[in-house]
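# Coordinate analysis (summary)
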Amino acid sequence: MKQKNFFKYLLYGILIVYAVLTLYPFIWAFTASFKPLKEIVSGDLSFIPKEFTTDAYAYIFGRSSLFSQWFINSVIISVIGTTVNIFLNTMAGYALARLSFPGRQRIFYGLLAMMMVPSQVLLIPNYLILVNLGLLDSFGALIIPAAINIGNIFMMRQFFVSFPKDIEEAASIDGLGRFQTFFKIVMPLAMPSIATQAVFTFMGFWNEFMKPMLYISTPTRYTLTLGLQTFQAKDGGVRWDHTMAASIITIIPIIAIYLIFNKYFLKGIRMDGEK
């Protein structure tokens, strides 16, 4: 009994240390956004600012006119990209799990094989395709190539494999067709897995840096990640006070999305674990 309690307390201790190490940089960045530059570069790692100021936020939303545009661009790309992914990935997963058509297994195995291909390998081919389609330097260049995610298709396919067929049969008896059954019955019941997909997909679009750097060249069309790099290089050096404030603002939508889908997200993880 004593040995069991020892390991339990040891586990709690390890988790507490890990939580502190994880949260400390974020909390420090948050408090540093309210510090003047001279206090940040002095090497002081205290949480409480000696000289509290909101000048960094005033600069971002006032004199830095492009920051608001970058924020809006990231919201548009992330929301549209996530919405398109949810519908296409969910429908593809449902088709691979429920519909019988020639070559279904080959398509599934082909998708699994494509998961082994690093995304960096596809950057240049995608660039050439976007040039030929005239989509370069547009939001479509970031949304269309990422309109589906093979990992999420696989996740949704595994969910629908274990989805009760009795529900679909009952809907069919009530006169619902395949599309009506999918949108009115299946998708609402698949919300836990869809919410899990939505969180990771939104984070992927929001935090993407390499693709905007390659595909976007007009400053007014920059995303936050790309604009933040340009933001750091201004004035001949890094303004850490401005950078900290901008970084905190970029994190807010991710936290909001997680809080909104938290209930479904945790339920989806439990369901996947039970399967």
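Per an unreviewed UniProt entry, the protein chain is named Carbohydrate ABC transporter permease, and its organism is Abiotrophia defectiva. Taken directly from UniProt, the Subcellular location (unreviewed entry) text for the protein chain runs: "Cell membrane". Database annotation for the protein chain, UniProt heading Sequence similarities (unreviewed entry): "Belongs to the binding-protein-dependent transport system permease family."

### Quick look at unusual backbone geometry
Most peptide bonds adopt trans geometry, and most residues besides glycine take a negative phi value. Phi is positive for Asp 137, close to 65 degrees, though the residue is something other than glycine. The topology assignment puts Asp 137 in the loop between helix H6 (123–133) and helix H7 (140–143). The class for Asp 137 is buried, based on a relative accessible area of 15%.

### Some points on the confidence of the model for the protein chain
The predicted model of the protein chain averages 84 in pLDDT, with 91% of residues at 70 or higher. Per-element confidence in the protein chain is highest for H7, whose mean pLDDT is 93, and lowest for helix H14 (residues 240–274), whose mean pLDDT is 73. In the model, residues 269–275 has pLDDT below 50 throughout and makes six contacts with residues more than four positions away in sequence or in other chains.

### Considerations on the packing of aromatic side chains
Between two aromatic rings, the relevant description is the distance of the centres plus the angle of the planes. Scanning all chains against the criterion turns up 17 aromatic pairs. Aromatic pair Phe 160 and Phe 163: ring centres 6.2 Å apart, planes at 70 degrees, arrangement edge-to-face. Of the residues examined, Phe 160 reaches a relative accessible area of 0% and is grouped as buried. Looking at Arg 157, its charged tip hangs above the ring of Phe 108, at a distance of 4.1 Å from the centre.

### A closer look at the UniProt feature "transmembrane region" (unreviewed entry) in the protein chain
Feature annotation in UniProt assigns "transmembrane region" (unreviewed entry) to the following positions: residues 9–30, 70–96, 108–129, 135–155, 185–206 and 244–261. The span residues 135–155 carries 48% helix and 0% strand; its end-to-end C-alpha distance comes to 30 Å. For residues 185–206, helix accounts for 95% and strand for 0%, while the C-alpha atoms at its two ends are 30 Å apart.

Cut-off values and rules
Here the residue numbering is sequential within each chain, running from 1 through the sequence in written order. Owing to the predicted nature of the model, reporting of local features is limited to residues with pLDDT of at least 70; listing and counting of side-chain atom pairs is limited to 80 or more, with chain, interface and lining totals taken over all residues. The basis for every side-chain value is the complete set of heavy atoms in the structure, and neither hydrogens nor water enter the calculation. UniProt positions are given in the numbering used here, feature names are shortened, and annotations may be inferred rather than shown by experiment. By the criteria applied, helices consist of DSSP H or I runs no shorter than four residues and strands consist of E runs no shorter than two, each listed in order from the N terminus. The classification of residues rests on relative accessible area computed with a 1.4 Å probe and restricted to protein chains. Under 20% of the type maximum is buried, over 50% is exposed, and intermediate values are partly exposed. Confidence scores per residue from the predictor, reported as pLDDT, run from 0 to 100. Residue contacts are defined here by distance: any two heavy atoms, one from each residue, within 4.5 Å place the two residues in contact. Two rings from Phe, Tyr or Trp (for Trp, the six-membered ring) form a pair when their centres sit within 6.5 Å of each other. Planes less than 30 degrees apart are called stacked, planes more than 60 degrees apart edge-to-face, and all others tilted. The criterion for a charge sitting over a ring is simple: Lys NZ or Arg CZ within 6 Å of the ring centre, and within 35 degrees of the ring normal.

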